[in-house]
Amino acid sequence: MTHVVVVGGGITGLVAARQAALAGAGVTVLEPDTVGGKLRTTPFAGAVLDESADAFLARVPEGVALCRELGLEGDLVSPAARRAYVWVDGALRLLPEAQVLGVPTDLDELAASGIVSEAGVDAARRDLTRPLVAPGADVPIGPFLRDRLGDEVTDRLVAPLVGGINAGDVEVLSLAATVPQLDAAARSGASSLIEACAAQRAAVPDRAAPVFYAPHRGMGALVVALVDDLARRGVEVRAQRASAIEPAGSAWAVLAGEPGRAAERLGADAVIVTSDATTAARLVADVARPAADVLAAIPYASVAMVSIAVPRAGVERELDGSGFLVPPSDPRTITACSWTSSKWAHLGGDGTVWLRASAGRHGDERALALDDDALVAAVLADLAETMALHGTPEEVRLTRWPRSLPQYLVGHLDRMAAVDAALPPTLAVTGAAHRGLGIPACIRQATTAATQVLAALTPGS
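Residues numbered from 1 in each chain as written. Predicted model: local features only at pLDDT ≥ 70, side-chain atom pairs only at ≥ 80, totals over all residues. Heavy atoms only, no water.

K.L.:
Would you explain the overall build of the protein in this entry?
P.N.:
The secondary structure content of the protein amounts to 17 helices and 22 strands. The globule rule puts the C-alpha radius of gyration for 461 residues at 23 Å, and the 23 Å found for the protein is close to it. Overall, the protein is about 70 × 55 × 40 Å in size when its C-alpha atoms are taken along their principal axes. Counting the 461 residues in the protein, one finds 54% classified as buried. Total accessible area on the protein stands at roughly 18,900 Å², and carbon and sulfur atoms take up 53% of it. One finds the centroid of the 39 positive side-chain charges in the protein at a distance of 3 Å from the centroid of its 53 negative side-chain charges. (Helix = DSSP H or I, 4+ residues; strand = E, 2+ residues; numbered from the N terminus. Rg over C-alpha atoms; globule rule 2.2 N^0.38 Å. Buried < 20%, exposed > 50% of the residue type's maximum accessible area, 1.4 Å probe, protein only. Areas by Shrake-Rupley, 256 points an atom, 1.4 Å probe, with all protein chains shown as cover. Lys, Arg positive; Asp, Glu negative; His and termini not counted. Charge placed at Lys NZ, Arg CZ, Asp CG, Glu CD.)

K.L.:
Is there a simple way to explain helix H6 (residues 151-166) in this structure?
P.N.:
An α-helical turn contains 3.6 residues, so any two residues separated by three or four positions project in the same direction. Within H6, the axis deviates most sharply at Val-158, by approximately 45 degrees, and proline Pro-160 lies no more than four positions further along. Taken together, the buried positions of H6 are occupied by Val-153, Thr-154, Leu-157, Val-158, Ala-159, Pro-160, Leu-161, Val-162, Gly-163 and Asn-166. Directly after H6, the chain includes Ala-167, whose backbone phi takes a positive value near 50 degrees. (Bend = angle between axes of the 7 residues up to and from the residue.)

K.L.:
Sorry if this is basic, but what is going on with the state of the cysteines here?
P.N.:
Note on terminology: a disulfide is the covalent bond linking the sulfur atoms of two cysteines. Within the structure shown, the criterion is met by zero disulfides. With no disulfide of its own, Cys-67 lies closest to Cys-442 among cysteine sulfurs, the gap being 14 Å. By relative accessible area, which is 1% here, Cys-67 ends up buried. (Disulfide = S-S within 2.5 Å.)

K.L.:
What should I look at first to understand the pairing of strand E13 (residues 241-248) in this one?
P.N.:
For a regular strand, side chains alternate in direction, first toward one face of the sheet and then toward the other. Of the strand pairs in this sheet, E13 and strand E14 (residues 251-257) are connected by seven bridges, and their pairing is antiparallel. Across the sheet, the residue bridging to Glu-246 is Ala-253, located in E14. (Pairing = 2+ DSSP bridges.)

K.L.:
Would you mind going over the pattern of salt bridges with me for this structure?
P.N.:
When the charged atoms of two side chains with opposite charge come close together, those side chains can pair. Counted by the stated rule, this structure contains 29 salt bridges. The salt bridge involving Asp-229 is made with Arg-232; its shortest N-O contact spans 3.6 Å. Highlighted residues: Asp-229 and Arg-232, both in helix H10 (residues 220-232), separated by three residues, approximately one helical turn. In this structure Asp-229 comes out as buried when scored by relative accessible area, which is 4%. Taking relative accessible area as the criterion, Arg-232 reaches 62% and is therefore assigned exposed. (Salt bridge = Lys/Arg side-chain N within 4 Å of Asp/Glu carboxyl O.)

K.L.:
How should I be thinking about the packing of aromatic side chains in this particular structure?
P.N.:
Any pair of aromatic rings gets described here by the distance separating the centres and the angle formed by the planes. Applying the stated criterion to the full structure yields three aromatic pairs. Aromatic pair Phe-56 and Tyr-213: ring centres 6.5 Å apart, planes at 55 degrees, arrangement tilted. You can see Phe-56 sitting in strand E5 (residues 56-57) and its partner Tyr-213 sitting in strand E11 (residues 212-215), a full 157 residues away along the chain. In this structure Phe-56 comes out as buried when scored by relative accessible area, which is 2%. Using a relative accessible area of 22% as the deciding quantity, one classes Tyr-213 as partly exposed. With 5.9 Å between their ring centres and 45 degrees between their planes, Tyr-85 and Trp-339 make a pair best called tilted. Here Tyr-85 is found in strand E7 (residues 85-88), whereas its partner Trp-339 is found in the loop between strand E19 (334-338) and helix H13 (340-343), with 254 residues between them in sequence. Comparing Tyr-85 with Trp-339 shows no difference in burial state: the two are buried. An aromatic cluster is present here, built from Tyr-85, Phe-324 and Trp-339 joined pairwise through their rings. (Phe/Tyr/Trp six-rings, centres within 6.5 Å; stacked < 30°, edge-to-face > 60°.)

K.L.:
So what exactly am I meant to see when it comes to the sheet that holds strand E1 (residues 3-7) here?
P.N.:
Within a sheet, each strand pairs with its neighbour through backbone hydrogen bonds, oriented either parallel or antiparallel. The parallel open sheet is built from five strands, whose spatial order is E12-E2-E1-E16-E22. Each of the sheet's edge strands pairs with one partner strand only, and the pair in question is strand E12 (236-238) and strand E22 (427-429). Averaged over all pairs of adjacent strands, the angle between strand axes in this sheet comes to 15 degrees, irrespective of strand direction. Here strand E2 (residues 26-30) runs beside E12; their pairing, made up of three bridges, is parallel. Bridge assignment links Leu-30 to a residue of E12, and that residue is Arg-238. (Axes fitted to C-alpha atoms, helices over the stretch in contact; angles between N-to-C directions.)

K.L.:
How should I be thinking about the packing of helix H2 (residues 61-69) against helix H17 (residues 439-456) in this particular structure?
P.N.:
Any two packed helices are characterised by how steeply their axes cross, that is the angle between the axes, and by the distance between the axes. Put simply, H2 and H17 touch, their axes get as near as 7 Å, and they point 75 degrees apart. With respect to each other, H2 and H17 are oriented roughly perpendicular. Between H2 and H17, the residues in contact are Glu-62, Gly-63 and Leu-66 and Pro-440, Ile-443 and Arg-444, respectively. Taken together, the residues that form the contact of H2 with H17 break down as three nonpolar, one polar and two charged. (Parallel < 35°, antiparallel > 145°, perpendicular 65-115°, else oblique. Contact = heavy atoms within 4.5 Å. Nonpolar A, V, L, I, M, F, W, Y, C, P; charged D, E, K, R; others polar.)

K.L.:
Which parts of the structure should I look at to understand the environment of Ala-21?
P.N.:
Within the secondary structure layout, Ala-21 lies in helix H1 (residues 11-22). Ala-21 sits 17 residues away from Val-4 along the chain, and the two C-alpha atoms are 8.8 Å apart. For Ala-21, the contacting residues outside a window of four places in its chain are Val-27, Arg-233 and Val-235.

K.L.:
What's the story with the sheet that holds strand E6 (residues 76-77) in this structure? I'm lost.
P.N.:
The antiparallel open sheet is built from three strands, whose spatial order is E5-E11-E6. The open sheet has two edge strands, E5 and E6, and neither has a second partner. Bridge analysis of E5 against E11 gives two bridges, and the strand direction is antiparallel. Of the residues in E11, the one forming a bridge with Leu-57 is Phe-212.

K.L.:
Honestly, the nonpolar core in this entry has me stumped. Any pointers?
P.N.:
In globular proteins that are soluble, nonpolar side chains generally tend to be buried together. In this structure, Val-4, Ile-11, Val-27, Leu-222, Ile-272 and Ile-439 are the most contacted members of the largest nonpolar core, which totals 47 residues. When contributions to this core are tallied by element, the ones reaching two or more residues are E1, H1, E2, strand E4 (47-50), H2, H10, strand E16 (270-273) and H17. The greatest single-element share of this core, amounting to eight residues, is contributed by H17. If sequence neighbours within four positions are ignored, Ile-272 has contacts with Val-4, Val-5, Val-6, Val-7, Ala-16, Ala-428, Thr-430, Ala-449, Ala-450 and Val-453. Membership of the second largest hydrophobic core comes to 37 residues, among which are Val-88, Leu-107, Leu-149 and Ala-196. (Core = buried A, V, L, I, M, F, W, Y, C linked by side-chain atoms within 4.5 Å.)

K.L.:
What is the right way to look at the packing of H1 against H17 in this model?
P.N.:
Relative to each other, H1 and H17 sit at 40 degrees, their axes nearing to 8 Å. The angle between H1 and H17 falls in the class oblique. Where H1 crosses over H17, the handedness of that crossing is right-handed. Between H1 and H17, the residues in contact are Ile-11, Thr-12, Val-15, Ala-16, Gln-19 and Ala-20 and Ile-439, Cys-442, Ile-443, Ala-446, Thr-447, Ala-450, Thr-451 and Leu-454, respectively. Looking at the contact of H1 with H17 residue by residue, the class counts come to 10 nonpolar, four polar and no charged. (Left-handed = near helix turned anticlockwise from the far one by under 90°.)

Rendered as structure tokens:
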């Protein structure tokens, strides 16, 4: 039987293992830390709350399809609250509904929102009368959008939305890799960027359909279902760390073990590395140095998530949305806050408000340098000012995620293509650092990697 070793037991590694097992391979997964990686759901204040991602995109197929295959489709729920706010000029202002990743498609709605000034609306309006010239190559998001829409739309809409998803700086993030939807709009041949984004919105068959889904019991339920599925298929998940990958004739040897113990040598016909880019670079350095050099240079952002439970009477503001974003130009510690008990209907109703506040972004890790008590205090102070949280929390949980979000700098997709080209056909490196951070993107990349390495083992492929 063909044997595949998967290094890393996050969502990408688990899906890659499943895909290989479905194809008939024997599979071993090596994960020294927590299976599920950054998908983690744990008890908190009488509920179960995610400690990182709490949903996946519903309008791309991979997440929904996987949940269907795992028997979770009937357990999926979507947010009860669809609208959100942004903190601008000392107030929470409703994000325009007519927008694509911050690019407004209804300038009257934008003007009424109060998020940008009259001059800011006029700057965006000029996009409608300027020919849209497609970028000749990959470009940074910020400068491209400033030129088309002005500083205010970029700083107050795009930066908190796109930068919030990636904990990154739109001034350096790649348009093509980070926001392919906007890159496609820029290259659509439309007469303006606003027109191109409006056409994208119009192409959605049912705008009332859910945008996000999550298992009722949190994203950890997806991990549990995947692990159970792998066990039924005979996949072995080991709590071991891969220390090296070496050629072994026409196959591979993966050295795996635990600290203080001799490494075990695992034979493999193919290897799929789904670890973070830094770890992947170390593992493939002796096999494909050019790929390792590219991987080692990918920067990461560190973030923290503060979960808070507080009596409803302790929040003066009506929580009439899913939460709010904070632009990078604002000096506050928090970058966003999810009103979890309003966002998810099954979590509300018992007199307790659950909140999840985020801190930290690439290039600004001042919040992460604070000790736990100081960071929590700073977050609570920000929430008191922005959303009138004055009650004493019943429970607080701080989760730090060091070097957790890879940053796709300009030229990222070309560099990833170079990584793929430098690797032998039965050795794949993939995951969130490559072609998409979201859960559906990781599922897609995992499936592709497993399919490709197994195809390379088929005679005549």
